[in-house]
Amino acid sequence: MRVHLLGVGGIGMCALAGLLSARGFSVTGSEGAPPYPPSSTVLEKLGIHPRIGYRPEHIDELSPEAVVVGNAIRADNPEVRRAEAAGLPLRSLPSALAEWVLPGRRSLVVAGTHGKTTTAALLAHALENLGSEPTYLVGGLLRDRKLNFAWGNGPFAVLEGDEYDTAFFDRTPKFWHYHPYAAILTSVEYDHADIYPHYESLLAAFERFAGLVAAEGLFVFCADDPGAVRVAGRTPARRVSYGRDPESTYRLLKTRSLSEGTEVTYRGPGTTGTFFIPLWGEHNALNALAVWALLRELGFEDTRLREAFRRFPGVSRRQEVLYRGRVTVVDDFAHHPTAVRVTLSALREALKPRRILLCFEPRTNTSRRRLFQGAYAEVLAEADEVWLKKPPGLERIPSSERLDLEELARAVCGRGRGGLVVEEDPAEALAATAEEGDLILFMSSASFGNTYENLIRRLKDKGL
């Protein structure tokens, strides 16, 4: 089948391209501008060279039998209009998965405000190491293979369950399409202010998702999170809880922070055990415990699970160490205030830096709004020096709703920390400030591009 993907440079869409190619489809794609890493890396490995710029003649030249429309594509897109005029069926990414990937497989969906990508990637990795040959699609590249998908012959499909809307012609959440046999729910905090007007509307989306989990399946949820507990009450599936809560089915008893990861001790049904994950922080210990609980309830043995977890390569841009010299450089995806706080805490505990120099870019639709103005001031001040990178498109947010970066910088300074707004590459300023023993930390939902290489080169020139 010939399938054309609009918005193929998105991280989910390039993974879909890989899955469909593995199934034997002929896959082409278009993108508004040249894709950048990590999506460009995936497309290069697949041998897919996107048409740049959306033009109706692409549809005529490529003659696809169906068109998959990314959720950033609008109804007036020239290729959408030509496809509709030609009578071609339009699919969204979730509906394409449901139609062409999921049939014959048990869908395991990881959902939640925080930790979806790491948790889903760990689940997929563990199933591979357990010999289950899963099919999977997650939102970040596994570091050992630089891919975020696999087409497997086993019974399970692992998906990252996104609550964002599906396509211009389908405003329902993506994760409603995935027919989950089992699910993990890490947390439910307010996010996606451009889609959900208030917390209750977001909760309602998660509650319907919980109701879609198969009655014979499993719903694994964090007992420490009030939103997750509320949502869990709506599922027909068997409920399995995890967390610090004493009543959890799988209770986190303690963690021990090590230079290469975290030792996790838990109590489960009829057992107390320990495992190691090459990730830092209690939040990642809880993410791992969720995966442990699901796999154990599916019948996998502790000894094999323990070895699979120890081998987890991690995910690109999630606590990814880019450089270790006399200064350490780490890149992370955190952008919600809760994620920023727990990541700063985890890295300070594990790496014990002299100072944390943080470059933070509020790039998502929610983080660019004033919604978290006060919360950001509080959590960013847990770093020692803060550079606030102005994100693209900030001026498109109405001024009354827009995050005020200058005000935020002043608030950080008012808490006794350094705070500065920057619009250009901050590499030179970061390198000039850095001293032996410091941690330089990047946080954004997008890559900082050449900044990493520029910074590391300057650090080496300084002998750091």
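Quantities reported herein were computed from a predicted structural model and do not represent experimental measurements. (Residues numbered from 1 in each chain as written. Predicted model: local features only at pLDDT ≥ 70, side-chain atom pairs only at ≥ 80, totals over all residues. Heavy atoms only, no water.)

**Things to note about the overall build of the protein**
Thought 1: When helices and strands are tallied, the protein shows 15 helices and 23 strands.
Thought 2: Compactness check: the protein gives a C-alpha radius of gyration of 22 Å against a globular reference of 23 Å for 464 residues, within 12% of the reference.
Thought 3: Taking the principal axes of its C-alpha atoms as reference, the protein extends roughly 60 × 55 × 40 Å.
Thought 4: Taken across its 464 residues, the protein has 58% of its residues classed as buried.
Thought 5: Considering only residue pairs separated by 6 or more positions, the protein has 64% of its internal contacts joining residues 24 or more positions apart.
Thought 6: By element, 47% of the accessible surface of the protein is carried by carbon and sulfur atoms, the whole surface being about 18200 Å².
Thought 7: Counting 56 positive and 58 negative side-chain charges, the protein places the averaged centre of each group 2 Å from the other. (Helix = DSSP H or I, 4+ residues; strand = E, 2+ residues; numbered from the N terminus. Rg over C-alpha atoms; globule rule 2.2 N^0.38 Å. Buried < 20%, exposed > 50% of the residue type's maximum accessible area, 1.4 Å probe, protein only. Contact = heavy atoms within 4.5 Å. Areas by Shrake-Rupley, 256 points an atom, 1.4 Å probe, with all protein chains shown as cover. Lys, Arg positive; Asp, Glu negative; His and termini not counted. Charge placed at Lys NZ, Arg CZ, Asp CG, Glu CD.)

**Topic: the pattern of salt bridges**
Thought 1: Inspection of every chain in the model, using the stated rule, returns 28 salt bridges.
Thought 2: Two residues, Arg91 and Glu99, come together in a salt bridge whose shortest N-O distance is 2.6 Å.
Thought 3: Judged by its relative accessible area of 38%, Glu99 is partly exposed.
Thought 4: For Glu407, the salt bridge is made with Arg370, and the minimal N-O distance between the two is 3.4 Å. With a gap of 37 residues between them, Glu407 in helix 13 (residues 405–414) and Arg370 in the loop between strand 20 (356–360) and helix 12 (373–380) connect regions that are remote in the sequence.
Thought 5: Owing to a relative accessible area of 30%, Glu407 belongs among the partly exposed residues under this scheme.
Thought 6: By relative accessible area, which is 33% here, Arg370 ends up partly exposed.
Thought 7: In the salt-bridge network here, residues are joined through shared partners; they are Arg354, Arg355, Glu435 and Asp438. (Salt bridge = Lys/Arg side-chain N within 4 Å of Asp/Glu carboxyl O.)

**Focus on the packing of aromatic side chains**
To describe a pair of aromatic rings, one takes the distance between the centres and the angle between the planes.
Thought 1: Under the counting rule described, the total for this entry stands at 16 aromatic pairs.
Thought 2: Here the aromatic rings of Tyr266 and Phe275 are separated by 6.1 Å at their centres, their planes lie at 50°, and the arrangement is tilted. As far as the burial class goes, Tyr266 and Phe275 line up, both buried.
Thought 3: An aromatic cluster is present here, built from Tyr250, Tyr266, Phe275, Trp292 and Phe309 joined pairwise through their rings.
Thought 4: Above the plane of the ring of Tyr181 lies Arg106, whose end atom (NZ or CZ) is 4.2 Å from the centre. (Phe/Tyr/Trp six-rings, centres within 6.5 Å; stacked < 30°, edge-to-face > 60°. Lys NZ or Arg CZ within 6 Å of the ring centre and 35° of its normal.)

**Side note on the pairing of strand 11 (residues 170–173)**
Thought 1: The pairing of strand 10 (residues 165–167) with strand 11 spans 2 bridges and is classified as antiparallel. Residue pairing across strands places Asp165 opposite Pro173, the latter belonging to strand 11.
Thought 2: In this antiparallel pair of consecutive strands, strand 10 and strand 11, the connection spans 2 residues. (Pairing = 2+ DSSP bridges.)

**A short note on the sheet that holds strand 4 (residues 66–69)**
Thought 1: If you trace the 5 strands from one edge of the open sheet to the other, you get 3-2-1-4-5, paired in parallel fashion. The open sheet is flanked by strand 3 (51–52) and strand 5 (90–92), the only strands paired with a single partner.
Thought 2: The pairing of strand 2 (residues 26–31) with strand 3 spans 2 bridges and is parallel. Directly across from Ser30, in strand 3, lies its bridge partner Arg51.

**Here we look at a negative patch on the surface**
Thought 1: Together, Glu406, Glu423, Glu424, Asp425 and Glu428 make up a region of like negative charge exposed at the surface.
Thought 2: Tracing the chain through its elements places Asp425 in the loop between strand 22 (418–422) and helix 14 (427–433). (Patch = residues over 30% accessible without salt bridge, like charges linked within 9 Å, V, L, I, M, F, W, Y side chains within 5 Å.)

**Considerations on the state of the cysteines**
Thought 1: Scanning all chains against the criterion turns up 0 disulfides.
Thought 2: Not part of a disulfide, Cys413 finds its nearest cysteine sulfur in Cys359, a span of 15 Å.
Thought 3: For Cys413, a relative accessible area of 39% puts it in the partly exposed group. (Disulfide = S-S within 2.5 Å.)

**So, helix 9 (residues 282–297)**
Thought 1: In this model, helix 9 (16 residues) spans 22 Å end to end at C-alpha, consistent with the 22 Å of a helix rising 1.5 Å per residue.
Thought 2: By the criterion of burial, helix 9 is predominantly enclosed, with 12 of the 16 residues buried.
Thought 3: For helix 9, the full list of buried residues reads Asn284, Ala285, Leu286, Asn287, Ala288, Leu289, Ala290, Val291, Trp292, Ala293, Leu294 and Leu295.
Thought 4: Gly299 lies just past helix 9 and shows a positive phi near 105°. (Expected span 1.5 Å × (residues − 1).)

**So, the environment of Trp151**
Thought 1: Positionally, Trp151 belongs in the loop between strand 8 (147–150) and strand 9 (156–161).
Thought 2: Separated by 111 residues in sequence, Trp151 and Thr262 have C-alpha atoms that sit 30 Å apart.
Thought 3: Residues within four places of Trp151 in sequence aside, it is in contact with Leu19, Ala22, Arg23, Trp100, Val101, Arg105, Pro134 and Thr135.

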